[in-house]
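# Geometric and topological summary
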Amino acid sequence: MKEFFGLAKFEGGEYHFIRDAEGAWSWQHILTVLIFMAIMVTLAILFGKKYQHSPLDEKNKVLVACAILINSFEIVKIVVLCIRLQNAMHWLYVLPLFLCSIQLIAIPMAAFCKGRLREACLDFVFIFGVLGAVFGTIGAAQNYAAYPTLSMDNVFSGITHSISGFASLYIGISGMTSMKRKNAGITVGVLLGFSIAAYIANLLLDYNYMFLMYHDETPYSIVYNLVKGHPVFYPLLVVLLFVAYIFAFYAIYFHLQKQKESAQEQIPEKEYAELKH
């Protein structure tokens, strides 16, 4: 267990792993993330179908459990990292200010808030949850290059990102989404609020939350190179990409809904009731 939490060897004023990392895109990395994705999708389908026709309060119990679990794992990870690095202030560098880790706040808001704010947060989790899950597991190759596959860093990260993806799929399958045009502005506002907080934190901590300061070998390098790393244009373009993704998601969703409604209108009412049943 000490090795799993990275507390097996003390050297240079901090704790280390004994084992070497298996490496990015190793079979251990690929197998592990595929297992996480398979569990995520399977549970989302099972719970989503189970609560599809349940009252909203019943559906919401699953989101409440997600909110508690995702933050519990994250808190344990932060505490262990502070112990491992012998730095009580390390929590400043693991704030939920990356796009995927925003779900640590967005999921509880979707579970416990009311009214339009709740609807907007449900849509936010629905829109970004799976995206964050994929990038935070399959795309997090740098973590598997830095830490052993079966370590707290990779396992807990896989769990929290998979919970985000599960919540997103569950919201869609169970019918909790609102996806109302009037709430799009609030959804964008939630994103912009986190982006501003991330940028301020980056300036104060000399850090790179939401990759607003540097691409850090991610696909954001395309944008970074396009504007030659301009300190103003680069973060603005990154945020604009996030906003564009939101509106593209809404546009695709509305298009699919319109096609679904058109298909339903072409089926006789009695036949459609039987198909739906």
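Please read all numbers here as calculations on a predicted model, not as lab measurements.

## Some thoughts on the overall build of the protein chain
- Scanning the protein chain from N- to C-terminus turns up 10 helices and 2 strands.
- When the elements of the protein chain are put in sequence order from the N terminus, they spell out β-β-α-α-α-α-α-α-α-α-α-α.
- The C-alpha atoms of the protein chain give 21 Å as radius of gyration, which agrees with the globular expectation for 277 residues (19 Å, within 12%).
- Counting only residues that meet the buried cut, the protein chain has 43% of its 277 residues in that class.
- Taking the intrachain contacts of the protein chain between residues at least 6 apart in sequence as the baseline, contacts between residues at least 24 apart amount to 71%.

## Section: the packing of helix 2 (residues 56-84) against helix 3 (residues 103-112)
- Remark: helix 2 packs on helix 3, axes separated minimally by 9 Å, with the N-to-C direction vectors making an angle of 150 degrees. The angle between helix 2 and helix 3 places the two elements in the roughly antiparallel class. With respect to the hand of their crossing, helix 2 and helix 3 are arranged in left-handed fashion. Along its contact with helix 2, which presents Asn60, Leu63, Val64, Cys66, Ala67, Ile70, Asn71 and Glu74, the element helix 3 presents Leu104, Ile107, Pro108, Ala110, Ala111 and Phe112.
- Classifying every residue of the contact of helix 2 with helix 3 by side-chain character gives 11 nonpolar, 2 polar and 1 charged.

## Some details on the environment of Val80
- Note on placement: Val80 falls in helix 2.
- Taking relative accessible area as the criterion, Val80 reaches 10% and is therefore assigned buried.
- Along the sequence, Val80 and Met152 sit 72 residues apart, while their C-alpha atoms lie 9.0 Å from each other.
- Setting aside chain neighbours within four positions, we find Val80 in contact with Phe5 and Met152.

## Remarks on the pattern of salt bridges
- A complete count under the given rule lists 5 salt bridges for this structure.
- Glu3 is the partner of Arg19 in a salt bridge, and the nearest nitrogen-oxygen pair spans 2.9 Å. You can see Arg19 sitting in the loop between strand 2 (14-16) and helix 1 (27-50) and its partner Glu3 sitting in the segment before strand 1 (9-11), a full 16 residues away along the chain.
- Its salt-bridge partner being Arg84, residue Asp153 comes within 2.9 Å of it at the nearest N-O pair.

## Brief notes about the layout of surface pockets
- In this structure, the largest pocket occupies an estimated 1,600 Å³ of space.
- Lining the largest pocket are 49 residues, with Phe98, Cys100, Gln142, Asn143 and Phe211 positioned closest to its centre.
- When contributions to the lining of the largest pocket are tallied by element, the ones reaching two or more residues are strand 2, helix 2, helix 3, helix 4 (115-137), helix 5 (141-146), helix 6 (152-174), helix 8 (221-226) and helix 9 (233-265).
- Residues belonging to the lining of the largest pocket are distributed by class as follows: 27 nonpolar, 15 polar and 7 charged.
- Space inside the second largest pocket adds up to approximately 360 Å³.
- As for the second largest pocket, its lining consists of 14 residues, of which Gln52, Gly172, Gly175, Gln257 and Lys260 are closest to the centre.
- Mapped onto the lining of the second largest pocket, the elements with two or more residues apiece are helix 6 and helix 9.
- The leading source of residues in the lining of the second largest pocket is helix 9, at 5 residues.

The rules behind the values
Residues numbered from 1 in each chain as written. Predicted model: local features only at pLDDT ≥ 70, side-chain atom pairs only at ≥ 80, totals over all residues. Heavy atoms only, no water. Helix = DSSP H or I, 4+ residues; strand = E, 2+ residues; numbered from the N terminus. Rg over C-alpha atoms; globule rule 2.2 N^0.38 Å. Buried < 20%, exposed > 50% of the residue type's maximum accessible area, 1.4 Å probe, protein only. Contact = heavy atoms within 4.5 Å. Axes fitted to C-alpha atoms, helices over the stretch in contact; angles between N-to-C directions. Parallel < 35°, antiparallel > 145°, perpendicular 65-115°, else oblique. Left-handed = near helix turned anticlockwise from the far one by under 90°. Nonpolar A, V, L, I, M, F, W, Y, C, P; charged D, E, K, R; others polar. Salt bridge = Lys/Arg side-chain N within 4 Å of Asp/Glu carboxyl O. 1 Å grid on protein atoms, 1.4 Å probe; cavity = no way out; pocket = protein on both sides within 12 Å on 5 of 7 lines; lining within 4 Å. Points joined across faces, edges and corners; volume = space filled by probe spheres on them.

Just distances and angles here, no functional claims.
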